[in-house]
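Here is what each chain is made of, one letter per residue.
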Amino acid sequence: MAENLILKDISKSFDKFQAVKKINLEVGKGEFLTLLGPSGCGKSTTLRMIAGFEAPTAGEIIYKGNVINDLTPQKRNFGIVFQSYALFPHMKVSDNVAFGLRMHKYPKDKINSRVDEFLDIVGLKNAKHKYPSELSGGMQQRVALARALAPSPEVLLLDEPLSALDAKIRVKLRAEIKELQTELGITTIYVTHDQEEALAISDRVVIMNQGTIEQIDVPVEIYKTPTSKYVADFVGTSNFFEGELNNGILKTKNCTIKINSSSKITSGNITASMRPEQLEIIDGDSKITENVIKGKLIVIIYLGLIIRLIIRKNDHEIIVDILEKDFTRMKMVRGQDVKVHFPSDGFLIFNN
Amino acid sequence: MSTISTKNLQSNKTILEDRHIVYIIGGIIGIFLLIFLALPVLNIIRLSFTEYAPKQFEFTGKLTTKNFVDYFTDSNMIQSLLNSLWIAVWSMLFTTVFAFIFAYGLTRTTIRWKKSLYYIAMIPLVAPSMLQAMALISLFGSNGLITSGLLHTDWNIYGPNGIIVSEVLYCFPHAMVILYTTLSAVDSRLDEAAASLGASGWTSFFKITIPTARYGIFSAAALVFNLAITDFGNPIIIGRGYKVLATEIYLQVIGMQRFDLGTTVAVILMVPSVTAFLLNYYFTKKSASMISSLANPEIPPTRPAKKTFFTIYSWLVAFVLVSIIGIIVYKSFVKVWMYDWTLTLDHFNFRIPGGLGVLWTSLWISLAVGFFGAFLTMLNGYIIEKKNPFFAQPLYLLSIIPAAIPGLVMGLGYILIFNTRFMNLDDILYGMPLLIVINVLVSNFTLGTLSSITNMKNIDNSMDEAATSLGAGITNTFIKVIFPLSKVSFMSNLIYYFMRSMVTVSAVIFLISPDVHLAAVSVINLEKDGKDGSSAAMSTLIILVVVLVLVVFGFFTRKKKDAVLTEE
């Protein structure tokens, strides 16, 4: 506990705009924590406050039991990696990595050995004497990672490090970052707007929205049991049904649905949500009649292993994911009528 | 890991915090500008409202509006204001139109040799501002090569017409640069879109090209107006009794010791010049907002007739600009202009106080101004743009004001406050032309700071933050990261300052002393003494020095630029 990084009632305002609103957060030693949210949700501002580039308007940042609000970035000893790499273009790769070591007055032979060691770790030993401009984006970001890690920071901060890279390299590099982090056991705070990335890489994910924290949890719980409609919508894809809930029956504008949920909410104006993979397409001769909606198949999206179907019923669109082999078996075509079944126990309920 | 953090904690107390360093350096620059910009200018305004005893050559200290009443009731005096406006308006119109056509040819047509034409258009910048007038007199004066030599006419160019032509030639590159930037930044695909919608060439020119470039045009016009109304060199040489505000200040102060009239006219001159500056600033901002990052550098083939027109026009302009310099360079080797065409080096034997030494004085003063100016404006840009302390706005304002203040007014302000018996800075540093260095530095602070701010904007903020998070303090960040990344900008500011300092007259004409003479000022004195061969020779040497330094520094900058380009 004493080693933890704690944000206590942290707020940040820029003139009249409140970017971060009284958030509380605790990051354990060695933990990989991700701040996830759309642009403008305050995730980067939060990271910049932890790094020391922005001062909180209110609240305390506590590290190892000390309030570090007034500590300059130089004295925090946190490493940071930027979206734009921010490599010094006039320095060779080795000088970039050595920069922090020189600033921390490491002895010369130690600098050399550490530069080699960390370039080796990120797999760029051969690029030592090159300039950043001679490297690809992915390689540059590896150098940035080595540069941030070389002075043995106690916390590693990553501000959308993969956003400027193309899809393939993004996936590859994120696995490497995760591996490296586990190996070094370094406390890591990662900022991204990419939910897939967040779920894939983190020990815990913090969902942020308009300067507040919506939910903090391990990836699987974030996906399976979102605690708010916002999270259910932002992470993954969801079908939403709004209406009046009464005695397990939801009446919406278009239909009536039976809901069998363990939620504390049992009545009132609510939104029920269901993930697309929980819905089923049923054959015309199926015996299931409850929670079945008939609609028109308007879009078919091929995603590889699964097929995403968009089905229209009046002005409501329903998203259903089915396995590719089931799709092939059922011989579906665009424009046909389909029956969709909503298992009554698959719903999550949120108050409106 | 723990050893590092304890070490950091120990060094906590000894190190001056980054933000304090920002406050100290920013504060020093701010105070420097308050003393050497705000103080002299405000003092001039104060003195213009103070009673003066002409016989004692002293201000009595009594508050009065008499100076202004005198000026505006004396039809002889008020003429200088009307004349100045006349000159400035016509110079503005002609220069803007000529420069626009030239810039249009360079940016929107497929004429050849564009780069050479661009550089030729910049030629007037390497010469002192009275060079145009001197060349015109040599050609069209009462003893001019064309007027008396070729046409045998009594007509000559002295007076308002001569001033206007000189100003057009002098202001041309300034307007051209702005219009060139504007026209190359506005997306030429707009024209193509218009053409595809059925607009003819002329229609799309008037409905698309001109409107999209309008802020650049206004900004160039305002700049020319400001340059023309504040110029001193050309009117004093070619005016021949045609009084303008700038010459009036000089004559009242130097000729008649009428500091009251000098300061009053200075204040009157500041009204149009500050207005023009504000307009220029406003339109430049507006123009920047119209610049499209999608601007299309590719130009469709130009129709043959159009291409011919722009080719002829551009080379005609180039010919005129080169001739102006050429005639002066030639004249410096001619024994007696119009009478004895034998070539000689006699004119380079200067019979003036200081002799050829004035050139070296100018050279090292200009180098000092160049280095200090480039360094100071770079620090200033860094503090304003990257560090943004609480006083960034006032500091920015102070930094851009100098362009609004005519050089002559600054010079007058300096002698009225720093060269009095109460405070004589030249006495404190005897024989050092400190005031001249500071004066030129402050007079040109605006462009230096603005270009430094632009440079800082181009450096990603995370560069600074990366260095900081790796443990570098502000000093290390600046020396190891920011400065190396700003070398090109530093060099071009250095060159800019150097050139301005070599050729400026109006800013320093009040500040030369028996100990310190400058080359550009000597040109005026020689010309006014009728030693036009020697004045041409001195001009030739100034141009030579400027060009040599440009080539030397340009060589370094070119190399640096290439390096930076590959880095991106």
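Residues numbered from 1 in each chain as written. Chains lettered and ligands numbered in written order. Predicted model: local features only at pLDDT ≥ 70, side-chain atom pairs only at ≥ 80, totals over all residues. Heavy atoms only, no water.

### Points about the packing of helix α6 (residues 131-140) of chain B against helix α15 (residues 304-331) of chain B
All names here are of chain B.
Piece 1. Between α6 and α15, the least distance of the axes is 9 Å, while the angle of their chain directions is 70°. Judged on the interaxial angle alone, α15 and α6 are roughly perpendicular. Residues L131, Q132, M134, A135, S138 and L139 of α6 pack against I324, I325, I327, I328 and K331 of α15.
Piece 2. A class-by-class count of the residues in the contact of α6 with α15 yields eight nonpolar, two polar and one charged. (Axes fitted to C-alpha atoms, helices over the stretch in contact; angles between N-to-C directions. Helix = DSSP H or I, 4+ residues; strand = E, 2+ residues; numbered from the N terminus. Parallel < 35°, antiparallel > 145°, perpendicular 65-115°, else oblique. Contact = heavy atoms within 4.5 Å. Nonpolar A, V, L, I, M, F, W, Y, C, P; charged D, E, K, R; others polar.)

### A word on the side chain of T188 of chain A
All names here are of chain A.
Piece 1. With respect to the helices, strands and loops of the structure, T188 is situated in strand β8 (residues 187-192).
Piece 2. You can call T188 buried: its relative accessible area is 0%.
Piece 3. Within the structure, T188 has its side chain in polar contact with the backbone oxygen of I186 (distance 3.0 Å).
Piece 4. Setting aside residues up to four positions removed in sequence, T188 forms contacts with E31, F32, L33, L156, L158 and Q181. (Buried < 20%, exposed > 50% of the residue type's maximum accessible area, 1.4 Å probe, protein only. Polar contact = N/O pair within 3.5 Å; in protein donor to acceptor, adjacent residues only side chain to side chain.)

### Side note on the pattern of salt bridges
All names here are of chain A.
Piece 1. In this structure the tally under the stated criterion is 23 salt bridges over all chains.
Piece 2. The salt bridge partner of R142 is E176, with a shortest N-O separation of 2.7 Å. In this pair, R142 is assigned in helix α5 (residues 137-149) and E176 in helix α6 (residues 167-184), connecting sequence segments 34 residues apart.
Piece 3. Judged by relative accessible area, R142 falls into the buried class, the value being 14%.
Piece 4. When its relative accessible area of 26% is taken as the criterion, E176 is described as partly exposed.
Piece 5. For D326, the salt bridge is made with R329, and the minimal N-O distance between the two is 3.5 Å. Residue D326 and its partner R329 are both found in helix α10 (residues 324-330); the two are separated by three residues, about one turn of the helix.
Piece 6. D326 sits in the partly exposed class, given a relative accessible area of 23%.
Piece 7. The class for R329 is exposed, based on a relative accessible area of 54%. (Salt bridge = Lys/Arg side-chain N within 4 Å of Asp/Glu carboxyl O.)

### Describing the layout of surface pockets
Gaps left between atoms show up when a probe the size of a water molecule is rolled over them.
Piece 1. When its volume is computed, the second largest pocket comes out at roughly 920 Å³.
Piece 2. Around the second largest pocket, the lining comprises 28 residues; the ones closest to its centre are G52, F53 and E54 of chain A together with R19 and K387 of chain B.
Piece 3. Of all elements in the fold, only α2 (73-76) of chain A together with α2 (18-48), α16 (357-387) and α22 (461-469) of chain B reach the threshold of two or more residues within the lining of the second largest pocket.
Piece 4. Split by residue class, the lining of the second largest pocket holds nine nonpolar, seven polar and 12 charged. (1 Å grid on protein atoms, 1.4 Å probe; cavity = no way out; pocket = protein on both sides within 12 Å on 5 of 7 lines; lining within 4 Å. Points joined across faces, edges and corners; volume = space filled by probe spheres on them.)

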